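The residues making up each chain are set out below.
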Amino acid sequence: MRPRALLACATGLTVLLMSGCAGAKSPESDNPPTPPPPSAALPPQAEPAPTPTPKPTRSKPSKPPLRPLPAKLPAGLVRTTGVPEVALTFDDGPDPVWTPKVLDRLKKAKVTATFCVVGTQVRKHPELVRRIVREGHQLCNHSWRHDLDLARRPIAEIRADLVRTNKEIRRAVPDAEVPFYRQPGGRWTAEVVKVARKLGMRSLHWTVDPRDWAKPTAATIEKRVKRSAKPGAVVLLHDGGGDRAATLAACHRMIAALKRDHGVAGLR
Ligand SMILES: [Zn+2]
């Protein structure tokens, strides 16, 4: 883009600084590594303004625009286990009805899984987080309130959300390890991957999604997982966010088949 065009773009579409000027190029290559502070919504100026710019009112700050979702998944996601064994992951809990049942099922099957927990649920059910950890499962930060657009928000907001969630997890289990972050809806951006990494978390995606959240039957969930699971697969399931009877019912035979065909191991 020529300088004049760039300036026109920057001044004409001030509020759309992050998204509007990205044009047809990939957002990763066009976005600065850190987002502009809120004041950067004003046109960039070579010299400092002679008089201070009036600050937006504190009470009602205007929402910054969401950064666009990249056309393909960003780099740096964990999508396989890295070993022949497959891994089970359970999202959107802890849930007072379904999480204990899933934990019972995993215990019977003698396998461990990764639980991608939502901060507001952790706050309501800390005892379930303690049980998850006590029984040898792994924890994964799944954001504070399952905000599907979190990865598109300003870096500071993403960071605050992830930190708040980890704090709540550690209020339940003081020295809990939270080695993973999973973006709600899998709606990743390069920015959220970077923030998670800086907070010591790897970004956990998946290989197999039987879409159990769309309420298929247990037999369908089982069939989809068995059909798609390859060595090293990360299987996405849900223990929270709704009625998980079908997921629970699928677990027994599905886990037996995965153990037989690939082995089931916790993520490392
Ligand atoms: Zn989720």
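Residues numbered from 1 in each chain as written. Predicted model: local features only at pLDDT ≥ 70, side-chain atom pairs only at ≥ 80, totals over all residues.

Moving on, we come to the packing of helix α3 (residues 98-109) against helix α9 (residues 245-261). Packing of α3 against α9 leaves a shortest axis separation of 10 Å and a crossing angle of 15°. When the interaxial angle is binned, α3 and α9 end up roughly parallel. Note that α3 runs across α9; the crossing there is right-handed. For the pair formed by α3 and α9, the contact residues are Trp-98, Lys-101, Val-102, Arg-105 and Ala-109 on the first element and Leu-248, Cys-251, His-252 and Ile-255 on the second. Residues of the contact of α3 with α9, tallied by class, amount to 6 nonpolar, 1 polar and 2 charged. (Axes fitted to C-alpha atoms, helices over the stretch in contact; angles between N-to-C directions. Helix = DSSP H or I, 4+ residues; strand = E, 2+ residues; numbered from the N terminus. Parallel < 35°, antiparallel > 145°, perpendicular 65-115°, else oblique. Left-handed = near helix turned anticlockwise from the far one by under 90°. Contact = placed C-beta atoms within 7 Å. Nonpolar A, V, L, I, M, F, W, Y, C, P; charged D, E, K, R; others polar.)

Further remarks concern the sheet that holds strand β1 (residues 77-78). In sheet architecture, strand pairing relies on hydrogen bonds along the backbone and comes in two forms, parallel and antiparallel. Across the sheet, 7 strands lie side by side as β1-β6-β5-β4-β3-β2-β7; this open sheet has parallel pairing. Edge positions in the sheet fall to β1 and β7 (234-238), since each of these pairs with one other strand and no more. (Pairing = 2+ DSSP bridges.)

Attention now moves to the confidence of the model for the chain. In the predicted model, the chain carries a mean pLDDT of 85, and the fraction of residues at 70 or more is 77%. Within the model, the stretch residues 1-50 combines pLDDT values under 50 with 46 contacts to residues more than four positions away or in other chains. (pLDDT = per-residue confidence, 0-100.)

Our next topic: unusual backbone geometry. Both trends apply: most residues other than glycine have a negative phi, and most peptide bonds are in trans. Between Gly-93 and Pro-94 the backbone carries a cis peptide bond, its omega angle lying at 0°. One can find Pro-94 in the loop between β2 (87-91) and α3. Backbone geometry at Ser-143 places phi at a positive 80°, although glycine is not the residue there. Turning to its location among the elements, Ser-143 is positioned in the loop between β4 (138-141) and α6 (155-172). A count of 24 C-beta atoms within 10 Å places Ser-143 in the buried class. At Arg-211, a residue that is not glycine, the phi angle is positive and equals roughly 55°. For Arg-211, the location among the structural elements is in the loop between β6 (202-204) and α8 (218-228). (Buried ≥ 20, exposed ≤ 12 C-beta atoms within 10 Å, placed from the backbone.)

Moving on, we come to the nonpolar core. Leu-88, Phe-115, Val-117, Cys-140, Val-192 and Val-235 are the most contacted members of the largest nonpolar core, which totals 55 residues. Per-element accounting of this core gives the leading share, 6 residues, to α9. (Core = buried A, V, L, I, M, F, W, Y, C linked by C-beta atoms within 7 Å.)

Turning next to α3. Here α3 contains 12 residues, and its C-alpha end-to-end distance of 17 Å stays within 8% of the 16 Å for a straight helix at 1.5 Å per residue. If you check which residues of α3 are buried, you get Trp-98, Thr-99, Val-102, Leu-103 and Leu-106. Within α3, the buried residues cover an arc of 135° as seen down the axis, which keeps them to one side. Exposed residues on α3 whose side chains face more than 90 degrees from its buried face are Lys-107 and Lys-108. Close packing links the buried residues of α3 with β2, α5 (126-134) and α9. (Expected span 1.5 Å × (residues − 1). Arc of directions from axis to C-beta.)

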